[in-house]
Every structure is written in C-alpha cells, then in structure tokens.
Amino acid sequence: MSTPNRDIAADRATVEAHTSRLLETAQALDPASVSDPSLCVGWSRGHVLTHVARNADALVNLVTSATTGKTIPMYASQDARDADIEAGSGRPLAAQLDDLEASAGRWRAAVETLRVEHADVQVEARGGTMIKAGYLPFMRLREVVFHHVDLGAGFGFADVEGPVLLAFLEDSVRRLRNNAETPSMTVRTDAGDAWSIGDGQPTVSGSRAAVLAWLARGLTDGVEGDLPALPAGN
C-alpha cells in the first residue's frame, strides 16, 4: 500500500495539539468510567487509553528504524500487542494518565529526530505493510484523534479542524481503494468533496464529520444513501 508524502513538521505539531486535547478529555473522565464500553467493539475506555500509549511506543520503534537503519518491529508480535492492551486495560485512571503522558513524551523525543531526508525510508508496520517514514507522524495523529473519539466522552469528528478532517477522509478513501474487499461507491460531503471507488454506485453523502464517522466506525448518523457494507478494519 503506497503512503502519501506528508509535511513531517506540520503533522508533528498537530499530533502535539491533539495529544493535549486527548489528555484533557482523559483527565476529566470519572475514574469509575474507565471500564465503560468505548466505540471500539469489545474494548473499554481502558483498552483504548492503553492502546494509545502502546501505539506511541510502537511508532517510536518505527521512527528509530527509519533514523538508524536498524530493523525494529512495530510490535514484538500480534499476540504481544493484544496481551499488552488487555493487561493495561483494567488499570485505574491515574495509572492510565501517567502512561499516556510518559508514552507521549517518548514519541515526542523520537519524532524530533525524524527529518525530511528520512521521509522516503520504508518501514514495516503491523501486518507486514510497508510505509514511508514520512507518514509516521500522520499515522500517530490518526490514532490519537480516532481513539479520542472512541472514548465517547464528548469529543467527535466534528471537533476536528477542517484541514485535518479532510486529510483523514482522503486517507480513509485511499485505504479503501487499496482493499480488494471494498464495494463500489461514491462518497460526497456537503463541503463539495467527492471520491469514487469502483463504478461509483451507490452515493453516500453527509458532512465531512458524519462521513468520516461512517467510514471509520460505521456510525450512520447524518449519512444518507444506500450504505454498502464496509470491509472490516478499514
């Protein structure tokens, strides 16, 4: 799957801004609500918070691979990834917050070493997918924002600034086009965006935020049209 060229410095700054917003939301949670369900099927808020922290460490591994030339896996294994998330999910909120902040600090330190000259270096993400190192800050941004939404704590895609929301939509369509299981459709937004996949039928429309919520999480509020079934893990 080809990943697009990105502005590393701009994405790095946007990650910082959204990490701060995520931390604010997490800090305001009722400690008893960590075990409440999230928008990720089968995951509690604790699973989501733990995953965001472990994802920071995983992406540090890929940044290090890109900047040093050493082959470092994103996760030790799929089983290890899943076990770490499960093990951390039941921790109290205070421990989750400490982990979020510490892992964000490790990401911040690592991504400062990622330069323009590293942008086209290929690194291996989960599942064997090869991506450009210049895409890593955007990859982290996607995790932070999407999982902020997944907490179901008052932050939604409508709270994401327009250029970032558009970038997420473009990225989601790119990922769908690279998935052989994606059905044909045209996606339109009330901002005038339009993307076609396959023969372009049917048409799905809505606000940018509503369309992204459907593409990313299968949420149908505010989306109109004969909605096709989306492939798992899109």
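Residues numbered from 1 in each chain as written. Predicted model: local features only at pLDDT ≥ 70, side-chain atom pairs only at ≥ 80, totals over all residues. Heavy atoms only, no water.

## A closer look at the layout of surface pockets
This is how the line gets drawn: The distinction between a cavity and a pocket rests on a 1 Å grid over the protein atoms alone: a 1.4 Å probe fits inside a cavity but cannot get out, while a pocket stays open yet meets protein on both sides within 12 Å along at least five of seven lines, and a residue with an atom within 4 Å of a point counts as lining. Grid points are joined across faces, edges and corners, and a volume is the space filled by probe spheres set on the points. Each helix is a run of DSSP H or I of at least 4 residues and each strand a run of E of at least 2, with the numbering of both proceeding from the N terminus. Residue type decides the class: Asp, Glu, Lys and Arg count as charged, Ala, Val, Leu, Ile, Met, Phe, Trp, Tyr, Cys and Pro as nonpolar, and the leftover types, Gly among them, as polar.
Each pocket or cavity is described by its volume, and for the second largest pocket that value is around 280 Å³. What lines the second largest pocket is a set of 20 residues, and nearest its centre among them are Leu62, Ile72, Pro73, Met74 and Glu124. Looking at the lining of the second largest pocket, the elements with two or more residues in it are helix 2 (45–68) and strand 1 (122–124). At 3 residues, strand 1 tops the list of elements feeding residues into the lining of the second largest pocket. Residues that form the lining of the second largest pocket fall into these classes: 9 nonpolar, 8 polar and 3 charged.

## So, empty space enclosed by the protein
One pass over the structure, following the stated rule, counts 1 cavity of 30 Å³ or more. Counted as a void, the largest cavity has a volume near 40 Å³. What lines the largest cavity is Thr19, Leu22, Leu23, Val52, Leu100, Ala104, Arg140 and Val144. Looking at the lining of the largest cavity, the elements that each hand over two or more residues are helix 1 (8–27), helix 4 (93–111) and helix 5 (136–150). For the lining of the largest cavity, a count of residues per class yields 6 nonpolar, 1 polar and 1 charged.

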